[in-house]
Amino acid sequence: MKAAVLTSYDTSLSRADFVAYQDVPDPKITGPADIIVRVGGAGVCRTDLHVIEGLWRDRVAVALPYIMGHENAGWVEAIGTSVETVKVGDPVICHPLLSKGEALAARRGNDMHAGGAFPGIDSNGGYAELLKTAERAVIKLPLTLAPKDVAPYADAGLTAYHAAKKAARHLLPGDYVVAIGAGGLGHIGIQVLQAMCAAEIIAVDRSDLALNLAKDCGADHVIKADGNEVEAVLSLTQGAGAEAVIDFVGEGDSVANGIKMTRNAGYYYIVGYGGKVEIPTMDMIVTEKTIVGNLVGTYPDLVELMALADRGLVTLATREYRLSQANAALHDLKNGTVKGRAVLIP
Ligand code: ZN
């Protein structure tokens, strides 16, 4: 099969070709629960740039060359002998983790803490014609959703959903929720909040383009991140701050600002990463704020997100590239010129 293969790291992201488009052996069914998916679309994620930079090589055991791509959807091409829930030809989206179902964390639904493989991060992923996954990871798509249109939900959408769902569970009418960052993840998070709770949604971003997108996605208020965003949120919330702040940026000023925008006894959710949380313990006890981390999402989260997408309550802007144009997609992402989410199509 054809694949876009990462053959060496590029710590400065300066090469013209990050990946090599080449022939590689087809993946094979080796276990009874294995599934081979014919890839219909693979989302191109900022994490892929971090993989190319080598940021992940100390975190996971992976040997080059290998195939990136952890946001995958397609059609079932082949199944192992025990697979019962899908058949050859079914359209599916792949949960990004191949968790071990026997682990206690997996039995509780927390696949991301249950060990197992992360195709595209620590093993071959979906920048290819075929992807090896397993029955435990696939979700059959309704006929309304084409694989290439939903692939980025497998990680970007799932992560945004996971955090927004936690917030929606405690947000009441009359409450406020802030989304910091209305880009790839943030614009999905805003739609999820709009669909799942009655709180007033405030979007904060540096870019007017992103703020316009936020409005289209259902934000009730938009605030430009120009240095006065904390004051603007406090003024909108009668000086108290928001019951929930979801930080899709997680670096630079957004961390300190996000905590300041959070009301006493409120929740600050971290989704974007790269920065540091620094808060005096005395402030924590006086304000009773809760700081919550978010890692991908569960299999049920992805099922629920597909239900929202099926009803048209969440939509995703995508830009399509051929698999052979993977380097162009990665460069466009790096240069910030992708409108919506880049998807590679074999
Ligand atoms: Zn991703």
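All figures in this text were calculated on a predicted structure; none of them were measured in a lab. Residue numbers run consecutively from 1 along every chain, following the written order of its sequence. Whole-chain, interface and lining totals are the exception, using all residues; otherwise, since this is a predicted model, local features are given only for residues with pLDDT of at least 70 and side-chain atom pairs are given and counted only at 80 or more. Each side-chain value is worked out from all heavy atoms of the structure, with water and hydrogens disregarded.

So what's going on with the pairing of strand E6 (residues 91-94)? Which residues, and what values?
Under the scheme applied here, a residue whose accessible area is under 20% of the maximum for its type counts as buried, over 50% as exposed, and between as partly exposed, the area being computed with a 1.4 Å probe on protein chains only. Helix and strand assignments come from DSSP, with helices taken as H or I runs of at least 4 residues and strands as E runs of at least 2, each series counted from the N terminus. The alternating pattern of E6 places Pro91 and Ile93 on one face and Val92 and Cys94 on the opposite face, and all of these are buried. When DSSP finds two or more bridges between two strands, those strands count as paired. Pairing analysis gives three bridges linking strand E5 (residues 72-79) to E6, with the strands arranged antiparallel. Bridged to Gly74 within E6 is Val92. Sheet topology note: the E6/strand E8 (residues 138-140) ladder contains three bridges and is antiparallel. By the bridge assignment for E8, Val92 is matched with Lys140.

How would you summarise the sheet that holds strand E11 (residues 221-224) if you had to cite specific residues and measurements?
Reading across the sheet, the six strands line up as E11-E10-E9-E12-E13-E14 and stay open at both edges, with parallel pairing between neighbours. Of all strands in the sheet, those with a lone pairing partner are E11 and strand E14 (290-293), marking the two edges. Strand-to-strand twist of the sheet, defined as the mean angle between neighbouring strand axes without regard to direction, takes the value 20°. Here strand E9 (residues 176-180) pairs with strand E12 (residues 242-247) via four bridges, running parallel. Angles shown run from 0 to 180 degrees and are taken between the N-to-C directions of axes, each axis being a line fitted to C-alpha atoms and, for helices, limited to the stretch in contact.

Account for the coordination of the zinc ion, naming residues and giving values.
Metal-coordinating donors are taken as N, O and S atoms lying within 2.8 Å of the metal, or within 3.2 Å when the metal is Na, K or Ca; because water is left out, some sites can appear incomplete. Coordination of the zinc ion by the protein involves Cys45 (SG), His70 (NE2), Glu71 (OE) and Asp155 (OD), with metal-donor separations of 1.9 to 2.4 Å. Working rule for geometry: tetrahedral if four donors all subtend angles between 85 and 135 degrees; square planar for four, octahedral for six, if opposite donors exceed 155 degrees and the others stay between 65 and 115; irregular in every other situation. Because the angles between the four donor atoms bound to the zinc ion fall within 98 to 128°, the donor set is best described as tetrahedral. Read in sequence order, the donor residues coordinating the zinc ion give the pattern C-x24-H-E-x83-D. Of this pair, Cys45 sits in the loop between strand E3 (34-43) and helix H1 (46-53) while Glu71 is found in the loop between strand E4 (66-67) and E5, placing the two residues 26 residues apart along the sequence. For Glu71, a relative accessible area of 0% puts it in the buried group.

Describe the side chain of His70, listing the residues and the values that go with them.
By the element assignment, His70 lies in the loop between E4 and E5. Polar contact is defined as a pair of N or O atoms within 3.5 Å, subject to the rule that within protein one atom must be able to donate a hydrogen and the other to accept it, and that residues adjacent in sequence are counted only when both atoms are side-chain atoms. Here Asp48 takes part through its side chain, which lies 3.5 Å from a polar atom of the side chain of His70. Engagement of the side chain of His70 in a polar contact is seen with the side chain of Asp155, the distance being 3.1 Å. In this analysis, two residues are considered to be in contact whenever any of their non-hydrogen atoms come within 4.5 Å of each other. In this view, His70 contacts Cys45, Thr47, Asp48, Pro96, Phe118, Pro119, Gly120, Ile121, Ala154 and Asp155; residues no more than four positions away in its chain are not counted.

I'd like a description of unusual backbone geometry, backed by residues and values.
The omega torsion of the bond from Leu64 to Pro65 falls at -5°, within 30 degrees of zero and hence cis. Within the element layout of this structure, Pro65 appears in the loop between H1 and E4. One non-glycine residue, Gln238, lies in positive phi territory at about 55°. Locating Gln238 in the fold gives a position in the loop between helix H7 (229-236) and E12. Taking relative accessible area as the criterion, Gln238 reaches 62% and is therefore assigned exposed. Positive phi is not limited to glycine here, since Ala265 has a value of about 70°.

Got a sec to walk through the domain arrangement of the protein? Specific residues and values, please.
For the domains described, the bounds stem from an automatic or database domain assignment. Per the domain assignment, the segments making up the protein are domain 1 (2-155 + 297-345) and domain 2 (158-293). Relative placement of domain 1 and domain 2: their C-alpha centres are 28 Å apart. Contact with domain 1, which involves 22 residues of that partner, is made by 13 residues of domain 2. Surface buried jointly by domain 1 and domain 2 totals about 1,400 Å² across both partners, of which 60% is contributed by carbon and sulfur atoms. In terms of surface lost to domain 2, no three residues of domain 1 exceed Asp155, Asp301 and Leu308, which account for 27% of the buried area on that side. What makes a salt bridge here is a side-chain nitrogen of Lys or Arg within 4 Å of a carboxyl oxygen of Asp or Glu, nothing more. Taken together, the connections running from domain 1 to domain 2 amount to two salt bridges. Using a 1.4 Å probe, buried area is obtained as the accessible area two parts lose upon being combined, added over both of them.

With reference to specific residues and values, describe the packing of H1 against helix H11 (residues 326-334).
Following both chains from N to C, one finds H1 and H11 inclined at 100°, their axes separated by 10 Å at the closest point. Overall, the two elements H1 and H11 adopt an arrangement that is roughly perpendicular. Contacts between H1 and H11 involve Arg46, Asp48, Leu49 and Ile52 on the former and, on the latter, Leu330, Leu333 and Lys334. Each residue is assigned to one class: nonpolar for Ala, Val, Leu, Ile, Met, Phe, Trp, Tyr, Cys and Pro, charged for Asp, Glu, Lys and Arg, and polar for all the others, Gly among them. Residue composition of the contact of H1 with H11, grouped by class: four nonpolar, no polar and three charged. Angle categories are assigned with fixed cut-offs, so that under 35 degrees is roughly parallel, over 145 is roughly antiparallel, 65 to 115 is roughly perpendicular, and the rest are oblique.

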